[in-house]
Amino acid sequence: MAVPVAFFALFFAYPVTAIVGRGLKAEGAWQFGRIGEVLSRPDILDVLWFTTWQALASTALTLLIALPGAYVFARFDFPGKQVLRAVVTVPFVLPTVVVGTAFLALLGRGGLLDELWGVRLDTTVWAILLAHVFFNYAVVVRTVGGLWSQLDPRQEEAARVLGAGRFAAFRRVTLPALAPAVAAAALMVFLFTFTSFGVVQILGGPAYSTLEVEIYRQTAQLLDLPTAAVLTLVQFAAVGAILAVHAATVRRRERALKLVDPAQTSRRPRGAGQWALLGGVLLTALLLILLPLGVLVERSFDGPGGYGFGYYEALQSVGAGGSSTFLVPPLEAVGNSLRYALVATLIALVIGGLAAAALTRRAGRLVRGFDALLMLPLGVSAVTVGFGFLITLDKPPLDLRTSWILVPLAQALVGVPFVVRTMLPVLRAVDDRLREAAAVLGASPLRAWREVDLPLVRRAVLVAAGFAFAVSLGEFGATVFIARPDNPTLPVAVARLLGRSGELNYGQAMALSTILMLVCAVSLLLLERIRTDRSGEF
């Protein structure tokens, strides 16, 4: 545990604490009265209210749309199922900047809806809600569907034989068994939407602001650190509560259920009703997932002189169209992002692998607290972490503000939780007697790990590396502060282009988003080929 704890203490706890301290300290003394002052302001109350209700609305809408898909993937066997599973998961690994850009191309000024019917939904709450459903659809489908596929259908069939109707059997038998998984998925969707940044920043306009967006505005634009510090503490407390409830629901699910092989529960649809349900899910995937991505690709080729590679060619020059957005050609952001993501993946594998190994020992409350610590970067303000890097890592021996390693370190913080969650179940499944037998035969601990553990967890390591690479590639909240102007990442480059007016900047943003989407999609398709959990659960 020593190396992961030191890593999180230095690159997570220290920057966040420093930011909060600067905001709440005056003349060397803590000014806790500022918390009440900030939280009583009408504009801050509006932000808190919008953050909460849009997260609740996004969660409810996601469950409503995604639960039928979870049932279809759990119970039906049909051609192209694995490909469709990969397609619906693509949005989850896409950077939020790409998601916002895709919906801007669909719903914004000059978008598909605007061209066809003169309807614009950007700068409205509906654009935010739909983008959140797009982003989190896979969380519900794979979390709930993964468990649903392992529930023994004979239990519900027995209730039907005893006289229960179809709905009554589902309500009394299946729903209680699924409830912990549904609750866990809902909590994760709520967490992701509660801390939403890129989607709201691009689609919401000045009228809508979540906590994360407001922290960015107070920090980067207004330089109001006291307000940013208070909002960081509020978000930290909310995320901690969500993660605690989520952990309880996961433990309940693990204890309460006896599962069967998913192959025993999947069959081809029967009857008009089941075929209609399958068709509805396919239509939902087409309209909700494929259409925004398709429009994004189409806009990247639709130049002023007709379809072509004009926007892609413009990415190779500095200041195309009179723009001074970049010091280097925007296309260099592709190479920068790939290099940063590879280094961040390596760091995340080392830190996350050691952490997962420590968590397999089950050492009581200390380890459970350590497990919760590893999840915090998923919910604590990435904006706070990024700005904290700038004000804390500025003195020897850690004067890293001008070093390229700063970006991979911030990205690795987000990748570590995915590495831990992927490797931990596999490491816990390794029989200790195999290690003991290797030790009895004279193997050193290092050789026992190399000969026993590594062959068993190799696939999990590859899957963890894929997830860490994808999320590192798309990290935006912290990177927007620390990426240097001469070395921008892809998400930062897209945001800069969207922040400037002009058709050329808009087209280049679409082109860069398409490149980023393709890289993430290829990573995910590779994951589908090597993933260890054949049930499809996250």
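Residues numbered from 1 in each chain as written. Predicted model: local features only at pLDDT ≥ 70, side-chain atom pairs only at ≥ 80, totals over all residues. Heavy atoms only, no water.

A. Broad picture of the overall build of the protein. Of regular secondary structure, the protein possesses 23 helices and 6 strands. By the compact-globule yardstick of 24 Å for 538 residues, the protein fits well, its C-alpha radius of gyration being 24 Å. Taken along its principal axes, the extent of the C-alpha atoms in the protein is 70 × 65 × 50 Å. Across the 538 residues of the protein, 53% fall into the buried class. Nonlocal contacts in the protein, meaning residues at least 24 apart in sequence, comprise 79% of its contacts between residues at least 6 apart. Here the protein displays about 23,700 Å² of accessible surface, and carbon together with sulfur accounts for 64% of that area. (Helix = DSSP H or I, 4+ residues; strand = E, 2+ residues; numbered from the N terminus. Rg over C-alpha atoms; globule rule 2.2 N^0.38 Å. Buried < 20%, exposed > 50% of the residue type's maximum accessible area, 1.4 Å probe, protein only. Contact = heavy atoms within 4.5 Å. Areas by Shrake-Rupley, 256 points an atom, 1.4 Å probe, with all protein chains shown as cover.)

B. Focus on the nonpolar core. If you look at the biggest cluster of nonpolar residues, it comprises 166 residues, and the most contacted ones within it are Phe7, Leu94, Phe389 and Leu512. The element contributing the most residues to this core is helix α7 (residues 125-148), with 16 residues. (Core = buried A, V, L, I, M, F, W, Y, C linked by side-chain atoms within 4.5 Å.)

C. A look at the side chain of Thr193. Assignment of secondary structure puts Thr193 in helix α9 (residues 166-194). Assessed through its relative accessible area of 0%, Thr193 is described here as buried. Apart from residues no more than four positions distant in its own chain, Thr193 is found in contact with Gln54, Ala55, Ser58, Thr59, His132 and Asn136.

D. Focus on the environment of Leu398. Looking at where Leu398 falls in the secondary structure, it is placed in strand β6 (residues 398-399). The partly exposed category is assigned to Leu398, whose relative accessible area is 26%. Remark: the alpha-carbon pair of Leu398 and Leu10, spanning 388 residues in sequence, is separated by 10.0 Å.

E. Inspection of a nonpolar patch on the surface at higher detail. Taken together, the side chains of Leu283, Leu286, Leu287, Leu290 and Leu291 define a hydrophobic patch exposed on the protein surface, amounting to about 430 Å² of accessible area. Accessibility expressed as a relative area gives 41% for Leu290, which makes it partly exposed. (Patch = residues over 30% accessible without salt bridge, like charges linked within 9 Å, V, L, I, M, F, W, Y side chains within 5 Å. Salt bridge = Lys/Arg side-chain N within 4 Å of Asp/Glu carboxyl O.)

F. Local environment of helix α13 (residues 271-301). Taking 1.5 Å of rise per residue, the 31 residues of α13 would be expected to cover 45 Å, and the 43 Å separating its terminal C-alpha atoms lies within 8% of that figure. Bending of α13 peaks at approximately 40° at the position of Leu290, with proline Pro292 no more than four residues after it. Among all positions in α13, only Gln274, Leu278, Val281, Ala285, Leu288, Ile289, Pro292, Leu293, Val295, Leu296, Arg299 and Ser300 are buried. (Expected span 1.5 Å × (residues − 1). Bend = angle between axes of the 7 residues up to and from the residue.)

G. Representation of the pattern of salt bridges in the model. Scanning all chains against the criterion turns up 6 salt bridges. With its nearest N and O atoms 3.5 Å apart, the salt bridge here joins Lys395 to Asp394. Look at Lys395 and you get exposed, because its relative accessible area is 54%. With its nearest N and O atoms 3.3 Å apart, the salt bridge here joins Asp486 to Arg484. When salt bridges with common partners are traced through the structure, they connect Glu115, Glu298 and Arg299 into a single cluster.

H. Broad picture of empty space enclosed by the protein. Inspection of every chain in the model, using the stated rule, returns 5 cavities of 30 Å³ or more. Along its surface, the largest cavity is lined by 31 residues, and Thr96, Phe135, Phe192, Leu378 and Val414 are the ones closest to its centre. The set of elements that each furnish at least two residues to the lining of the largest cavity consists of α4 (81-93), α7, α9, α10 (198-203), α18 (406-429) and α20 (445-474). Grouping the constituent residues of the lining of the largest cavity by class yields 17 nonpolar, 12 polar and 2 charged. In this structure, the second largest cavity is lined by Pro377, Val380, Ser381, Ala382, Val385, Ala410, Leu413, Val414, Glu475 and Ala478. Taken together, the elements giving at least two residues each to the lining of the second largest cavity come down to α17 (382-392) and α18. (1 Å grid on protein atoms, 1.4 Å probe; cavity = no way out; pocket = protein on both sides within 12 Å on 5 of 7 lines; lining within 4 Å. Points joined across faces, edges and corners; volume = space filled by probe spheres on them. Nonpolar A, V, L, I, M, F, W, Y, C, P; charged D, E, K, R; others polar.)

I. Expanded view of the layout of surface pockets. In this structure, the second largest pocket occupies an estimated 1,100 Å³ of space. Considering the residues around the second largest pocket, the lining is formed by 42 residues, among which Leu104, Leu497, Leu498, Gly499 and Arg500 are closest to the centre. Those elements that provide at least two residues to the lining of the second largest pocket are α5 (96-107), α10, α11 (211-221), β3 (302-303), α22 (490-498) and α23 (503-530). Looking at the lining of the second largest pocket, its residues break down into 18 nonpolar, 13 polar and 11 charged.

J. Broad picture of a positive patch on the surface. The grouping of Arg160, Arg166, Arg267 and Arg270 at the surface amounts to a positive patch. Along the chain, Arg166 turns up in helix α9. (Lys, Arg positive; Asp, Glu negative; His and termini not counted. Charge placed at Lys NZ, Arg CZ, Asp CG, Glu CD.)

Honestly, it's all geometry; don't read function into it.
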